[in-house]
Amino acid sequence: MSGVLRGLRYPRCIGTGVPKGSSNTQGTISTRWSSSFSDRSHSCGDLRPGHVGQSVRLSGWLQFVRMDKFLVLRDTHGQTQLIIPSDRRDLWGRIRELPLESTLSVQGQVLARPVDQINLKLDTGQVEVRVSELLASNPASSAIPFLNRGYHAAKEGLQMEYRYLALRTPALQHNLKVRSRMIMAMRQFLTAHDFVDIETPVLFRRTPGGAQEFVVPSRTPDKFYSLVQSPQQFKQLLMVGGLDRYFQIAKCFRDEGAKADRQPEFTQLDIELSFTNPDHIRRLVEQLIVHSWPEDKPRPSTPFLRLTHETCLKRYGSDKPDLRFEHQIRDLTRVFEGDELDFLAPSSEPRAVQAIVFHSDEAVKVKTVKELEAWIKPQYPSVIVSYFMVDSTGQVKNTLLKKCSSHVRERVAAELDLTGHAFGFLAIGPRASTLKALGKLRPELARLCLKLDPTEFKFLWVEEFPLFEPKENDPNHLESAHHPFTQPHPGDIELLTKNPLCVRGLHYDLVLNGSEIGGGSIRINDAKLQEHVLKDILGEDTSELQHLLDALSFGCPPHGGIAIGLDRLLAIVTNSKSIRDVIAFPKTAEGRDAMGDAPATISDEDKQRYHIRSVLPTKPNDEIDSGAMMESLEIDTNTDRDMFSEDVSEVFTKSFQLKNRAAMGLDNTYILEICPNSDQSLLATSLSSNGIAIYDSESLVRKHFFPKSHEGQISGLKFSWENPNLLFSCSVDQSIKLWDLRSSIDNNQCSKMFKDSSRESNPKLSKVKPFTSFDLSCDDRYICAGTEKVLDAFLLFWDVRGNDTALLGGYWDSHEDDITTVKFHPENPNRLASSGTDGIVNIFDISQSCEDDALDTCHNTESSVQKLTWFHNNSKLDSLAILTHTEELALWNIDDLEPFKMFSREDLCIGLKRKLTEVCYFVDVHDVKKEDECYDLMIVGGSSSPAKPCLRLLTWKKNRLKPYGHLNGYKSPLTRSSVLNINEGLVFTGGEDGLLNSWSEGPPLGDEKPSDKTVMKVETNGKLRDAVDGEKKEKV
C-alpha cells in the first residue's frame, strides 16, 4: 500500500493491543478507556503494581469465593482478587448470602500480594484489593442453569438456550472483541481509500438463479418479499448511479436447510468499485486483510498465491485446497497397462488412476483408514477407492495392487515413495470423480498424521472458474457456477453460443486454510449480453430482473467487486471450532434460535392480516422439526422401532417400560445416587437450584428436601455404605456436608461440614479451587474430593469417623487440569482412582502418606476423561472402565497397565442406524450385579437427536460386548447433563427435561401386551402442565 491512509482518526486496536496513551507494562499505572463514562475507576483487568496504595472502585461478577476472605471479581477485561479484612464480619455476612455470578461494586485499596501468592498467569496477579465498601447491585438467582467453569462445561444446546450466560466465557468475549476490532480496521482502511459505506435494503424480491431465499409475507394478498441472499443487485445499481466505490458490512440470508456449521443469516464485507479489473481487486483485498490482521497473529505475506481452477482440481482435487500441507494427487494412469486397467475396472468410458499418499512418523491404525474408505465410497459410486499402507515388513498392502504384475507394483511404489509408514488411497474411475474423491480424503488424511499449526495462515486466489456447469438434478440444463451476473472471460466470448460449458468467467475466490472466505467477479455491464445469459443460456424469466437490465442500458460503467465472509474468516483467525463461536447470537445447525424459541407460531389474527394459512407437512415424522408448527407435543411411550437397524427383538433381549415419573418443576436433575443398602429404597438427586431431594426409589414419592443445601452447584452425592440415613454432598462452593435424614429432615441444617479449613497454615491450600468430584471409601472412613485446576488440580482427604472435620491431607500435584472423577475401590478402602481433563488416570494407595504424592500407577489417554468406574473382570475387581469426552471407552487392567479392550463410538452403536451414530454418545458405565445374573460392566448410551432420541444398555461379559436392553419410549434427547443410575433391574434417568423417571424390565420383546399410552403434554414455552397415565390424571 503506497502513501499514508487518510481519515484515520482512531488508534489501531487490533488483537491484544490497547489504545494509544495507555500501557500494560508491569509496574506502570495505565489509563484505560474501558472505565470512561462509568462509575468504576478501573476495570478488573487494569490493576498493576504501580497502583499499590491507590483507592479504586471496581464492578463486575462474583467469580469465586475462597477461604472465608478471598473473592474473585470478573468483568470482560479480566479478574481481580479481593480480600475481606478480618475485622469486617459485616461484609463477609453479605458475601455468604450471594450466589456466584452476582454483580458487585466494591471500593478498596490496592495491596501488593505476598510473594508466595503471586500468580503470574494473571495480568493482575501481583496485586489484590482490600475491600472497604461492597454493594451487591443485583444478586444472581441460585438456580442459574450453568456456571462457566472448565470442569463443568455445559452442553452446547444448553449454552445456546442461555446464550447470554455463555457470552460471559472469556473465549467468546475474546472472539467478539477480535471481530469488532477487525471490522473496525476494515472500515477505516476502506473509508481512507474513499469508499462509501452505504446500507442497502434487506426486503426485496426474488433473485433468479441463486440460492434458496426466505419468503416474507406482505399485507397485499399473494405478494411476498424475499430476504436478500446478498446485496448483489443493489451494489451494481450503485455503480450505475455513479457511486463508484461502495462497501457495506451486510447481513445476508439463505434458506439452505439444516447444514453443519452454516447459518441462515450471516455477515459479509461487501465491496464494489467501477473502472477496475481483477488484479486491482485482488491487490485491494490483500492490503485490506494485512491492515486489519490482529497484531498478535503472524501477518500474512503478500501477494497471495494464485492458481487456476483447473490446476487446483488437478493437484488437490478441490477448488479450496488447504496449502498448509503440500501433498498433491498423483496421476498413475500411465503406470497401469491397458490390460491390467481393464481387469481392475472394466468400462467403456475413459478412466484415470489417481493416488494420494502421506508419510507418518508412526503407523496409522488400519481400522481408521478403513473407516475413511467406507465413508468416501458411497459418495462416489462410479469410483473404485482402495486404501494402501506399508506394513512393518516394508510390504505394500493393497487389494488392487496385489492383482497387478510385479512390474506395476514396483513402479507404483517408486512413483509414490512407499517407504516407512506411508499410507494413502488409490482411486480408479472417471477423472473428475477420482480427483474429487481424493480431494475429500486429502484433509482427512492430514488430520491423521500431521499436526497443523493453527497460527499458520495460507491464503490462495483461485481464478478462471467455468462460467456455467450442468445442473445437479438436470444435467441437460445449465446453471451459473458463481452467479448469472459474472462477466465471461474476454477470450471465450465466442464460445457463449457454441459451447457455453467451455466458457471461463472473470470470477475469483479467496481461500484460507482450506475454506472459501470470499468470492467476487467482474460483472456484466452490457444489457444485451446479460439478457442473453439469463434468457438463452440459463432459461430464466428476465421479467424479474427488468429493472437491472434497464439500468445496464443507461450507461453502466465496467465494474467488479468481492464479498468476504466475515464469520468464516474470524472462525479461522481465532482458531474456533465453529462459526457459532464468533457470532454473539447464532442459530443452531437446524436454523433455530434456541434462546428465543424461533421460528415460532403466530396467531390466527396475524395469519389473516398477511393472508396466509398453515399447511401441515406431509413428509414422515422423523423428518419434521419437533418445534415446527406445533403448539404442544404429545410424547408417546410406545416403542419407536424405526430407530433400530433391524427388529429390536433380534438385537435387544430386554425391554424397559416406564414405571414412575416425578416432575422436578423448574429444576433439572444433575446427579442421581442410589442408596447401596438393600433394606432402604432411597434415591438422592441434586437439582440445578443447588438443592437436594430424596425419593423413594420404588414410588418416586419425595421423602426429604433440602432446598438450599449449598451455595454453589452440587458436584457429588454419596450415601453411607453402612448407615442408609447418612448422605454426603459435595459442592463447587468448596464444602462437603453430611446430612442425617433422621434429624435434618426438610431443613438446611447439616450434621457436619468438611472444608479445607487449614489453608492459612498450608500455603498450597491457598490456591485450592472448587470441588469437582468426590467419593466415600467403602469402609465409611475417608472422603476424597477433587478440585478444579489452579496451577495443578488437588486431591483432598478427610477422616469421616472422627469429630474433627479438619483436612487430613492431600495430593497436591495429582493432575495438570480439572479433575473429573474420583473413585475409591469398592473393596479396598486404601485404593483410589482419579481422572482429569488432562487425559490422565491415576491410581493411589492412600495407606501411604498423602503428602509424598506417592502414585502406584499412572497412564494417559488421547482425550480428556469424562467418567471412570472399577469393574469385575474374570471375577477380579482389578479393572477400570474409562469413558472419554470423545465418546470412546477403554478397559484397563491396572496390574499390567495396558488396555485390554478399546471401543470407538461406532463400536458402541450396536443396533442403531448409521445416520444416528453421528449423534450418539454414551452417558455412563456401571459395575452391575443382580441376584439372577451378573455382568462385568453395563454401558449406557443413546442418541442426542431431538427427532429420534433413544437410550439403550450394553453389557460386557466374558470378553464380549452385547446389546442388552432399550428403554421402551425414552423420548428426551441426551445431553452432557443427562444422568442415569442402575440398581436391581431398575433404571433411573434425569436431566434437562425436568423429569425424574424410573424404568423396570418389561416382558421379553415380541411377547409384550399392548399397554395404556403414557402421554405428557408439553406447552410451547416448555412448562409442564399435566401428565396422563392410562385413565389416571394428575396435576404436576
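What you see is a predicted model, and the numbers here were worked out from it, not measured in a lab. (Residues numbered from 1 in each chain as written. Predicted model: local features only at pLDDT ≥ 70, side-chain atom pairs only at ≥ 80, totals over all residues. Heavy atoms only, no water.)

**Quick word on the overall build of the protein**
Step number 1: The helix and strand tally for the protein stands at 18 helices and 55 strands.
Step number 2: Buried positions account for 51% of the 1036 residues belonging to the protein.
Step number 3: Within the protein, contacts between residues at least 6 apart in sequence are counted, and of these 60% link residues at least 24 apart.
Step number 4: Surface summary for the protein: the accessible area is close to 47900 Å², and the carbon and sulfur share equals 48%. (Helix = DSSP H or I, 4+ residues; strand = E, 2+ residues; numbered from the N terminus. Buried < 20%, exposed > 50% of the residue type's maximum accessible area, 1.4 Å probe, protein only. Contact = heavy atoms within 4.5 Å. Areas by Shrake-Rupley, 256 points an atom, 1.4 Å probe, with all protein chains shown as cover.)

**Digging into the UniProt feature "repeat: WD" (unreviewed entry) in the protein**
Step number 1: Following the UniProt record, the feature "repeat: WD" (unreviewed entry) maps to residues 707-743 and 812-847 here.
Step number 2: Along residues 707-743 the backbone is 0% helical and 49% strand, and the end-to-end C-alpha distance reaches 16 Å. (UniProt positions renumbered as here; feature names shortened; annotations may be inferred.)

**Observations concerning the side chain of Gln268**
Step number 1: Mapping Gln268 onto the fold places it in strand S11 (residues 265-274).
Step number 2: Residue contacts for Gln268: discarding those within four places in its chain leaves Ser230, Pro231, Gln248, Ile249, Ala250, Cys252, Ala563, Ile564, Gly565 and Leu566.

**Considerations on the pairing of strand S10 (residues 245-253)**
Step number 1: With 2 bridges joining them, strand S6 (residues 196-197) and S10 adopt parallel strand pairing. When the sheet's bridge partners are listed, Asp197 is paired in S10 with Phe247.
Step number 2: Here S10 pairs with S11 via 9 bridges, running antiparallel. Pairing of Lys251 across the sheet is with Thr267, part of S11. (Pairing = 2+ DSSP bridges.)

**Things to note about the environment of Asp779**
Step number 1: Note on placement: Asp779 falls in the loop between strand S34 (771-776) and strand S35 (782-787).
Step number 2: Separated by 59 residues in the primary sequence, Asp779 and Ser720 place their C-alpha atoms 9.0 Å from one another.
Step number 3: When sequence neighbours within four positions are dropped, the list of residues in contact with Asp779 reads Glu722, Arg801 and Pro829.
Step number 4: At 2.6 Å, the side chain of Asp779 and the side chain of Ser777 are in polar contact.
Step number 5: In this structure the side chain of Asp779 is engaged in a polar contact, spanning 3.1 Å, whose partner is the backbone nitrogen of Arg781. (Polar contact = N/O pair within 3.5 Å; in protein donor to acceptor, adjacent residues only side chain to side chain.)

**Considering the sheet that holds strand S31 (residues 726-731)**
Step number 1: A sheet is described by the order of its strands in space; here 4 strands give the open sequence S30-S31-S32-S33, paired in antiparallel fashion. Here the strands that pair on one side only, and so sit at the sheet edges, are strand S30 (714-719) and strand S33 (752-755). Taking each pair of neighbouring strands and ignoring which way they run, the sheet shows an average axis angle of 20 degrees.
Step number 2: Note that S30 and S31 share 5 bridges and pair antiparallel. The residue bridging Lys718 from the neighbouring strand is Phe728, located in S31. (Axes fitted to C-alpha atoms, helices over the stretch in contact; angles between N-to-C directions.)

**Thoughts on unusual backbone geometry**
Step number 1: Cis rather than trans, the peptide bond between Thr302 and Pro303 has omega equal to -5 degrees.
Step number 2: Among the structural elements, Pro303 can be located in the loop between helix H6 (278-292) and strand S12 (305-308).
Step number 3: That bond from Ala598 to Pro599 is cis: its omega, 5 degrees, falls within 30 degrees of zero.
Step number 4: Checked against the element boundaries, Pro599 lands in the loop between helix H15 (566-573) and helix H16 (604-609).
Step number 5: For Phe275, which is not glycine, the phi torsion reads 55 degrees and is therefore positive.
Step number 6: Within the element layout of this structure, Phe275 appears in the loop between S11 and H6.
Step number 7: Positive phi is not limited to glycine here, since Asn575 has a value of about 60 degrees.

**Thoughts on a nonpolar patch on the surface**
Step number 1: Taken together, the side chains of Tyr164, Phe585 and Met595 define a hydrophobic patch exposed on the protein surface, amounting to about 300 Å² of accessible area.
Step number 2: Tracing the backbone shows Phe585 in the loop between H15 and H16. (Patch = residues over 30% accessible without salt bridge, like charges linked within 9 Å, V, L, I, M, F, W, Y side chains within 5 Å. Salt bridge = Lys/Arg side-chain N within 4 Å of Asp/Glu carboxyl O.)

**Topic: the pattern of salt bridges**
Between side chains of opposite charge, pairing is possible as soon as their charged atoms come close.
Step number 1: On inspection of all chains with the given rule, the structure shows 29 salt bridges.
Step number 2: Where Arg306 meets Glu463, a salt bridge forms, and the shortest distance between an N and an O atom there is 3.2 Å. Here Arg306 is found in strand S12, whereas its partner Glu463 is found in strand S18 (residues 459-463), with 157 residues between them in sequence.
Step number 3: Judged by its relative accessible area of 14%, Glu463 is buried.
Step number 4: Salt-bridge contacts for Arg504 lead to Glu464; the nearest nitrogen and oxygen are separated by 3.3 Å. With Arg504 in the loop between helix H12 (495-498) and strand S21 (507-512) and Glu464 in the loop between S18 and strand S19 (468-470), the pair connects residues that are 40 residues apart, well separated along the chain.
Step number 5: With a relative accessible area of 32%, Glu464 lands in the partly exposed category.

**Concerning the packing of aromatic side chains**
Step number 1: Counted according to the given criterion, the structure contains 10 aromatic pairs.
Step number 2: Summarising the aromatic geometry, the rings of Tyr162 and Tyr164 are spaced 6.1 Å apart at their centres and angled 85 degrees between planes, so their arrangement reads as edge-to-face.
Step number 3: Geometrically, the ring pair formed by Phe771 and Trp798 is edge-to-face, given 5.9 Å between the ring centres and 65 degrees between the ring planes. Pair noted here: Phe771 is in strand S34 and Trp798 is in strand S36 (residues 793-799), with a separation of 27 residues, a long-range link.
Step number 4: For Phe771, a relative accessible area of 0% corresponds to the buried category.
Step number 5: By relative accessible area, Trp798 is classed as buried at 0%. (Phe/Tyr/Trp six-rings, centres within 6.5 Å; stacked < 30°, edge-to-face > 60°.)

**Structural notes on helix H13 (residues 527-537)**
Step number 1: Within H13, burial applies to Ala527, Leu529, Gln530, Val533, Leu534 and Ile537.
Step number 2: Two to three positions downstream of the cap, the backbone nitrogen of Lys528 sits 3.2 Å from a side-chain oxygen, assigning the N-cap of H13 to Asp526.
Step number 3: Trailing H13 by a residue or two, Gly539 shows a phi angle of about 70 degrees, which is positive.

**Examining the sheet that holds strand S9 (residues 224-227)**
Step number 1: Reading across the sheet, the 3 strands line up as S7-S9-S8 and stay open at both edges, with antiparallel pairing between neighbours. For this open sheet the edge positions go to strand S7 (203-204) and strand S8 (215-217), each flanked by a neighbour on one side alone.
Step number 2: Looking at chain direction, S8 and S9 are connected through 3 bridges and run antiparallel. Following the sheet pairing, Val216 is matched in S9 by Tyr225.

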